[in-house]
Amino acid sequence: MIKVNNANKCFGGVKVLDGISVSVEKSDVLGLAGPSGSGKSTLLRCLQGLETLDSGSLECNGKTGFMFQDFQLFPHMTVLGNLVYAPNLNNKDVDCRRKNEERARETLKNLGVESKMHEYPGSLSGGQKQRVALARSLMVNPDILLCDEPTSGLDVATTTDVVTLLKSVGETGVTMIIASHDLDFLTQISDRIILLKDGKIAVDVRVREQSDPVGYLKKYYVGE
Ligand code: ADP
Ligand code: MG
């Protein structure tokens, strides 16, 4: 589904991605761990086409949805406006627009935030913004969902909700790559975790094959 082959990317002379190769099968959930600055966001952004590699290749066989760190909701649009913005772009067909609104309502309902539909992001809590951001990324019906630090800034209870939400998305067969520095969160959600360090993959583990995946991964975490 996703194939990264010898990916290299430099920023100002620093190798942020240094020969990264990884394949992800359909419906797999891959956790991207690593200390701050290890290149997690850069890899996700390259997969989404927001950034280009210096060399190497990327293959993403399917439609991708991207959930940004800190949500990046449009503050001047209502929750509904945020959700239908992309699907309605260049789409003047009234029926189609109505269908998009209906689907937005349905998605918000599934995530428990339908009542916030006509509110602006500024009036939502962190957990609610999180749900709206997830709903927005699901509006494109992605085959692949890329999530950048989906739990940053959330309390423990809300993080547990995010785990439940993302698991329910995973159960629909969506392939996911989730970047997070939170190993507890990542091990709850991922089938497999790779840990980036100095632009390279320092560890690659199948979570179920480890009795203590967090402890195992922590050994490779120096500097955080
Ligand atoms: P992570 O998400 O793991 O914290 P990032 O991928 O955001 O790491 O960043 C990796 C490194 O690349 C950092 O040192 C960061 O400062 C640098 N970097 C990321 N994006 C840019 C950019 N657009 N311009 C310059 N440097 C960047
Ligand atoms: Mg990041």
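> Describe the pattern of salt bridges, with residues and values.
As enumerated under the stated definition, the model contains 10 salt bridges in all. Residue arginine 208 is joined to aspartate 191 by a salt bridge in which the shortest nitrogen-to-oxygen separation is 3.4 Å. Within this pair, whereas arginine 208 is found in the loop between strand S9 (200-206) and helix H7 (213-218), its partner aspartate 191 is found in the loop between helix H6 (183-189) and strand S8 (192-197), the two being separated by 17 residues in sequence. Here aspartate 204 makes a salt bridge to arginine 192, at a shortest N to O gap of 2.9 Å. Note that aspartate 204 is positioned in strand S9 and arginine 192 in strand S8, a separation of 12 residues in sequence. For aspartate 204, a relative accessible area of 42% translates into the label partly exposed.

> How would you sum up the domain arrangement of the protein chain? Please name residues and give values.
Annotation of the protein chain at the domain level lists domain 1 (1-63 + 142-224) and domain 2 (69-141). One C-alpha centre belongs to domain 1, the other to domain 2; they are set 25 Å apart. In this assembly, 17 residues from domain 1 lie in contact with 13 residues from domain 2. Of the roughly 1200 Å² buried between domain 1 and domain 2, counting both surfaces, carbon and sulfur atoms make up 64%. Taken together, domain 1 and domain 2 are joined by one salt bridge. Linking aspartate 161 and arginine 131 is a salt bridge whose minimum nitrogen-to-oxygen distance equals 2.9 Å. The interface formed by domain 1 and domain 2 includes four residue pairs in polar contact (both at pLDDT 80 or more).

> Which residues make up the environment of glycine 49, and what values go with them?
Following the sequence through the fold, glycine 49 ends up in the loop between helix H1 (40-47) and strand S4 (55-60). Distance from glycine 49 to threonine 64, taken between C-alpha atoms, is 9.8 Å for residues 15 residues apart in sequence.

> Got a sec to walk through the pairing of S8? Specific residues and values, please.
Buried residues dominate S8, accounting for five of its six residues. Both strand S3 (residues 29-33) and S8 contribute to a ladder of four bridges, which runs parallel. Bridging across to S8, glycine 31 finds its partner in isoleucine 193. Pairing between S8 and S9: six bridges, direction antiparallel. For lysine 197, the partnering residue across the bridge sits in S9 and is lysine 200. Count of turn residues in the S8/S9 antiparallel hairpin: two residues, of which aspartate 198 carries a positive phi of about 50°.

So, how was this worked out
Residue numbers run consecutively from 1 along every chain, following the written order of its sequence. Written order decides the labels, with chains lettered from A and ligands numbered from 1. Where local features are concerned, this predicted model is filtered to residues with pLDDT of at least 70; where side-chain atom pairs are given and counted, the filter is 80 or more; whole-chain, interface and lining totals use all residues. Excluding hydrogens and water, the side-chain values take into account all heavy atoms of the structure. Salt-bridge detection follows one rule: a side-chain nitrogen of Lys or Arg within 4 Å of a carboxyl oxygen of Asp or Glu. For helices the rule is a DSSP run of H or I covering at least 4 residues; for strands it is a run of E covering at least 2, with both sets numbered from the N terminus onward. Residue burial is assigned from relative accessible area. The probe radius is 1.4 Å, only protein chains are included, and a residue is buried under 20% of its type maximum, exposed over 50%, and partly exposed in between. For every domain, the bounds stem from an assignment made automatically or drawn from a database. Any two residues whose heavy atoms approach within 4.5 Å at even a single point are treated as in contact. Buried area: the accessible surface (1.4 Å probe) lost by two parts on joining, summed over both. In protein, a polar contact requires one atom able to donate a hydrogen and another able to accept it; more generally it is a pair of N or O atoms within 3.5 Å, and residues adjacent in sequence count only if both atoms are side-chain atoms. Here the rule is simple: two strands pair whenever DSSP picks up at least two bridges between them.

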